[in-house]
Amino acid sequence: MMVNRKQQPELKKIESIDILEPETGRLDNGIPVYLFNAGDVGVTRLDFIFEAGSQFQTQPLVASYTNKMLTEGTLSYSSFDIARKLDYYGAYINNTTSKDTAVVSLTALNKHLKYVLPVLNEIINHPKFPENELKIHTQKDKQGFIDDCCKVNEVAVMNFNRQLFGSKHPYGTLVRAEDFDNQQVGRLSAFHNERYTAKHCKIIASGKMSKDILSQLNYFFGYTKKSCEDTNTRISGKIIPGQQKQFIEMPSSVQSAIRIGKISVNKAHKDYMKLYILNMVFGGYFGSRLMKNIREDKGYTYGIYSILLSFQKSAAFIIASEVGSDVCCKAIDEIYKELRILNSEMISTKELELVKKYMTGTLVRNFDGPFQMADRFKSVIEYGIDYKKFYSEFLHVINTVTPEDLMVISKMHLNPDTMQELVAGKK
């Protein structure tokens, strides 16, 4: 049957998503393993998730450098050996560090997994943290950091976290140039001994995996890893926000970076899903109110967005943009104007329906394949949330939320008078 390309396809409401529940297992040393066995290609991705994010460090940058340096040499392999072996077998490793977790991800063909798992074992359990490699990285990164300190957007990002959470909170710690010089092999090794252990680890495996994947993981990672008692010397977890408005003068800049936001609720909170939908209406996608007003109508910026960031111990609602310095005050006025409208006028059914269609389509795409499913699982597991229940409920909330519901959420969580504000740029 020929498709009539002149006729728009019928729009259908998405009532459910096929969410694959992971198979679960446990290694001999207690590490939980979650298996998303699906797909058609013989490729496996292994995500080792450690409770080793920046909130657990006692000095700035220790968490990120500990994770970054894992592939720079081990007891048995140099950094060159690691790179050459992974390249030969067509595998790659990706290291990421966030405020809450550190993740080491390996992607490899199933037929080559047995050859690269010994390398991954060395990387995770026996890193050497070579001093000259550390020095090369810190010197290079320090110069990049100094360059970033001349960019209004980077300055706004760094300082707004401190303004929201306070300098005493691990989420608000401000990195300085001298922190790169203070990195020491002993500190990285001690952090690794404390946090990269079976006690603080979870493994997510995804892809079209071989039947013996669990036994392979147990062979290389199921023995008892070195473990130390957790230290109690972490930075205070108390949130003490800074001043409500802050201006950082950068006289040579042509643009000004704007940050407006507040402490919010994370994924474990009952209001999170409705607040996420409200944020989408306000500034969460290209057709949002902020984009229509400040980019399309006023022409003050190339882009503006709002985002709801969720962390284990807190969350943040943030509006961000870069605008011409000459229109900065006008752009800020328009942002607050849109916030006041959100708090006082009901969202139209037409606007909400458009956002609902966009969000349901995005949600479906986010479950298209084993790697995507694993990513969705990874994004909620740290909150102790039931993965399938969370996303099934999220779809239900998207389909059933009303303008009245969102008005209540807006008044409760997005009051313009409770926002903090930072501008970095020309006065």
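In the block above lies the structure referred to throughout.
Residues numbered from 1 in each chain as written. Predicted model: local features only at pLDDT ≥ 70, side-chain atom pairs only at ≥ 80, totals over all residues. Heavy atoms only, no water.

*Asks:* Go over the overall build of the chain, please, and point to the residues and values.
*Replies:* On a plain count of helices and strands, the chain comes out with 15 helices and 11 strands. The C-alpha radius of gyration of the chain comes to 24 Å, within 12% of the 22 Å expected for a compact globule of 427 residues. Viewed in the frame of its principal axes, the chain has a C-alpha envelope of about 65 × 60 × 40 Å. Here the chain holds 427 residues, and the buried ones make up 52% of them. Here the analysis covers contacts within the chain between residues at least 6 apart in sequence; of these, 82% occur between residues at least 24 apart. Taken as a whole, the chain presents about 21200 Å² of accessible surface, with 51% of it coming from carbon and sulfur. (Helix = DSSP H or I, 4+ residues; strand = E, 2+ residues; numbered from the N terminus. Rg over C-alpha atoms; globule rule 2.2 N^0.38 Å. Buried < 20%, exposed > 50% of the residue type's maximum accessible area, 1.4 Å probe, protein only. Contact = heavy atoms within 4.5 Å. Areas by Shrake-Rupley, 256 points an atom, 1.4 Å probe, with all protein chains shown as cover.)

*Asks:* Please give an account of the nonpolar core that cites residues and values.
*Replies:* Ranked by size, the top nonpolar core spans 62 residues in total, and within it I277, I319, I335, Y387 and Y391 carry the most contacts. At 8 residues, the largest contribution of residues to this core is made by helix α9 (residues 272-284). When residues no more than four places from it in sequence are discounted, the contact partners of Y391 are I19, L363, F367, R376, S379 and V380. (Core = buried A, V, L, I, M, F, W, Y, C linked by side-chain atoms within 4.5 Å.)

*Asks:* Could you give an account of the state of the cysteines, naming the residues involved and the relevant values?
*Replies:* Taken as a whole and assessed by the stated rule, the structure comprises 0 disulfides. Residue C150 stays outside any disulfide, its sulfur separated by 7.0 Å from that of C149, the closest cysteine. What makes C150 exposed here is its relative accessible area of 63%. Left without a disulfide partner, C328 is nearest to the cysteine sulfur of C329, which lies 5.6 Å away. (Disulfide = S-S within 2.5 Å.)

*Asks:* Outline the packing of aromatic side chains, supporting the account with residue identities and numerical values.
*Replies:* By the definition in use, this model includes 23 aromatic pairs. Centre to centre, the rings of Y387 and Y391 are 6.1 Å apart; their planes meet at 75°, and the pair counts as edge-to-face. Taken together, the residues Y387 and Y391, both in helix α14 (residues 387-400) and 4 residues apart, mark about one turn of the helix. The pair formed by Y387 and Y391 is uniform in burial state, with each residue classed as buried. An aromatic cluster is defined as three or more aromatic residues linked by ring pairs; in this entry it consists of Y34, F36, Y272, Y276, F367, F377, Y387, F390, Y391 and F394. The ring of F311 carries the charged tip of K99 above its face, separated from the ring centre by 5.9 Å. Looking at R195, its charged tip hangs above the ring of F56, at a distance of 4.0 Å from the centre. (Phe/Tyr/Trp six-rings, centres within 6.5 Å; stacked < 30°, edge-to-face > 60°. Lys NZ or Arg CZ within 6 Å of the ring centre and 35° of its normal.)

*Asks:* Requested: an account of the sheet that holds strand β7 (residues 245-249), with residues and values cited.
*Replies:* With mixed pairing, 5 strands are arranged side by side in an open sheet as β7-β11-β8-β10-β9. At either margin of the open sheet sits one strand with a lone partner, and together these are β7 and β9 (304-310). Strand after strand, the sheet turns through a mean of 15° between neighbouring axes, direction not considered. Sheet analysis places β9 next to strand β10 (residues 315-324), joined by 7 bridges and oriented antiparallel. Each residue of the ladder has a partner; that of S306, found in β10, is I319. Here helix α5 (residues 152-165) sits on the sheet in contact with β7, β8 (255-263), β10 and β11 (420-425), set at roughly 20° to β8. Of the strands in this sheet, β8, β9, β10 and β11 touch helix α11 (residues 328-344), which is tilted by about 25° from β8. (Pairing = 2+ DSSP bridges. Axes fitted to C-alpha atoms, helices over the stretch in contact; angles between N-to-C directions.)

*Asks:* Let's hear about the pairing of β7: which residues, and what values?
*Replies:* When a strand is regular, its side chains alternate between the sheet's two faces. Side chains Q246 and I248 project from β7 onto a buried face, and the interleaved K245, F247 and E249 project onto a face without burial. As judged from the 5 bridges shared by β7 and β11, these two strands associate in the parallel manner. Bridge pairing links E249 to G425 in β11.

*Asks:* Any details on unusual backbone geometry? Residues and values, ideally.
*Replies:* Glycine aside, negative phi is the norm for most residues, and most peptide bonds take the trans geometry. One non-glycine residue, L61, lies in the positive phi region at around 75°. For L61, the position within the fold is in the loop between β3 (43-50) and α1 (62-68). You will see that F129, though not glycine, has its phi angle at about 50°, which is positive. Tracing the sequence through the fold places F129 in the loop between α3 (113-125) and α4 (131-148). According to the relative accessible area criterion, F129 is buried, its value standing at 4%.

*Asks:* Summarise the sheet that holds strand β1 (residues 23-26); cite the residues concerned and give the values.
*Replies:* If you walk across this open sheet you meet the 6 strands as β1-β2-β6-β3-β5-β4, and the pairing is mixed. One side of each edge strand has no neighbouring strand; the edge strands of this open sheet are β1 and β4 (92-97). Sheet twist, expressed as the mean angle between neighbouring strand axes with direction ignored, is 20°. Pairing of β3 with strand β6 (residues 201-207) involves 7 bridges; the strand directions are antiparallel. Within β6, the residue paired with L46 across the bridge is A205.

*Asks:* Help me get a handle on the side chain of T301, residues and values and all.
*Replies:* Along the chain, T301 falls in the loop between α10 (289-297) and β9. A polar contact is formed between the side chain of T301 and the backbone oxygen of G303, at a distance of 2.9 Å. A polar atom in the side chain of T301 sits 3.1 Å from the side chain of S321. The residues touching T301, leaving out its near neighbours within four places in the chain, are I294, R295, S321, E322 and V323. (Polar contact = N/O pair within 3.5 Å; in protein donor to acceptor, adjacent residues only side chain to side chain.)

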